[in-house]
Amino acid sequence: MTPRPSLLAAATMTCMAALAPAFAPAHAADLLYRLTATATLPSTDTGWDYIKMEPDSNRLFIARDADGLTVFDVDANKTVTTVADSVGANGPLLLPQYNRGYLAMTDGSFLSFELDSLKPIQRLQLDGNGGINSAIHDPLTRRIHAIVGTRPSESTWYTLDAATGKLLGSKTFPFRKMDDPATDGKGRLFAPARRDNLILLLDSKTLAERARWTAPCNVSKVRYQAHSNRLLAACGGDNPMFFALDPDSGRVVASLPIGNGIDGFAVDEQRKRIITSNNEGTLTVINQEGPDSYSLAGTVSTRPNARMMTMDERTGRLFVVTAEFTRTPPDGNGETSNRYHPDSFVVLTYQPQ
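What counts and what doesn't
- Residues numbered from 1 in each chain as written.
- Predicted model: local features only at pLDDT ≥ 70, side-chain atom pairs only at ≥ 80, totals over all residues.
- Heavy atoms only, no water.
- Helix = DSSP H or I, 4+ residues; strand = E, 2+ residues; numbered from the N terminus.
- Salt bridge = Lys/Arg side-chain N within 4 Å of Asp/Glu carboxyl O.
- Buried < 20%, exposed > 50% of the residue type's maximum accessible area, 1.4 Å probe, protein only.
- Polar contact = N/O pair within 3.5 Å; in protein donor to acceptor, adjacent residues only side chain to side chain.
- Contact = heavy atoms within 4.5 Å.
- Pairing = 2+ DSSP bridges.
- Axes fitted to C-alpha atoms, helices over the stretch in contact; angles between N-to-C directions.

Participant: Lay out unusual backbone geometry with the relevant residues and their values.
Facilitator: If a residue is not glycine, its phi is most likely negative; likewise, a peptide bond is most likely trans. Of note in the backbone geometry, Asp56 takes a positive phi value of approximately 55° without being a glycine. Within the secondary structure, Asp56 is located in the loop between β2 (51–53) and β3 (59–63).

Participant: Please give an account of the pattern of salt bridges that cites residues and values.
Facilitator: Evaluated as defined, the whole model comprises 21 salt bridges. For Arg151, the salt bridge goes to Asp127, with nearest N and O atoms at 3.1 Å. Linking Arg151 in the loop between β11 (143–148) and β12 (155–161) with Asp127 in the loop between β9 (120–125) and β10 (132–138), this pair joins segments that are 24 residues apart in sequence. Each member of the pair, Arg151 as well as Asp127, carries the same accessibility label: buried. Across the pair Asp263 and Lys221 runs a salt bridge, and its minimum N-O distance is 3.4 Å. One end of the pair, Asp263, is in strand β22 (residues 262–268); the other, Lys221, is in strand β18 (residues 219–225), and 42 residues separate them in sequence.

Participant: Residue-level account of the side chain of Thr322, with values.
Facilitator: Tracing the sequence through the fold places Thr322 in strand β27 (residues 318–322). In this structure Thr322 comes out as buried when scored by relative accessible area, which is 3%. Within polar-contact distance, the side chain of Thr322 engages the backbone oxygen of Asn305 at 3.4 Å. In this structure Thr322 touches Trp48, Arg303, Pro304, Asn305, Ala306, Ser344, Phe345 and Val346, once residues within four positions along its chain are discounted.

Participant: Account for the sheet that holds strand β6 (residues 89–95), with residues named and values stated.
Facilitator: Judged by pairing direction, the sheet is antiparallel, and its 4 strands sit side by side in the order β6-β7-β8-β9 without closing on themselves. Every other strand in the sheet has two partners, leaving β6 and β9 as the edge strands with one partner each. Strand-to-strand, the axes of this sheet are offset by a mean angle of 20°, without reference to chain direction. Relative to strand β7 (residues 100–105), β6 runs antiparallel, the two sharing 6 bridges. Looking at β7, one finds that Gly91 is bridged to Ala104.

Structural data, given as structure tokens:
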């Protein structure tokens, strides 16, 4: 007996429904971030390092070595000015509570300037053996710690008064490379020693070592998150990863792989996201589901060499910078270098979706 058309159609639909889960296309990934603006700035063939947003402001400060400290209006998507006497810019620190900006310099000096007017105050020579990499502020002690770049065997921290810029002292650690520490604002500093796969727990008043923990990789980025009491961290090198650590015990509670060549690290509390910018030309986006629970949300493409990134706390927008370049062939040691193309430096704005 031949089934009636209506019964045949019903049977076919039932069969297709049963098979649908096995053959249905995968859901498209959330966009996460979308490029919404670009701005190309006049530039030489110089490199660059840290970029920082002024808190509660539309001003982005971009350290561009031989081109100085560029001030960029992220709302208008255009350059405002260049801070005077800032050639050799490497790492800005912006402290509106003192109306002060500070700038770590590639020649070992430390520039202070008025944050509202951008007028330089002084350029203090701190180190004669190389550049100052960056600086952080500890709100409990109201001190700044300026940290040198890579050294042959030891790293020095220079401590200054945040309100005046007066040098208070220095301390040397037995590590070749130390990166920005994180502060909990209650007396603890968490300091990464990148090449030694260590995180040091330091007393913020004395810089005395209270503990040291082995990191699962060559950790370079650390952020303390108060509401979860977790240290959020990331590594580059041969084993790039994000990890979360319990700062009371030093125990690693979670880890995830990230893109190659991290140099930017942001925590978006509103969207419960952690973002890394990677030299390979990607953003790694991680969902934070709890103090010990994290998952990969996705990877967003940017541009090659777009390693440095910061976030606008007002909107969640990400700002990524890069420039066109020509890479040299390997030398006798297998090393290459980039020659940046003049007038190709670009600020890329990524809007959260």
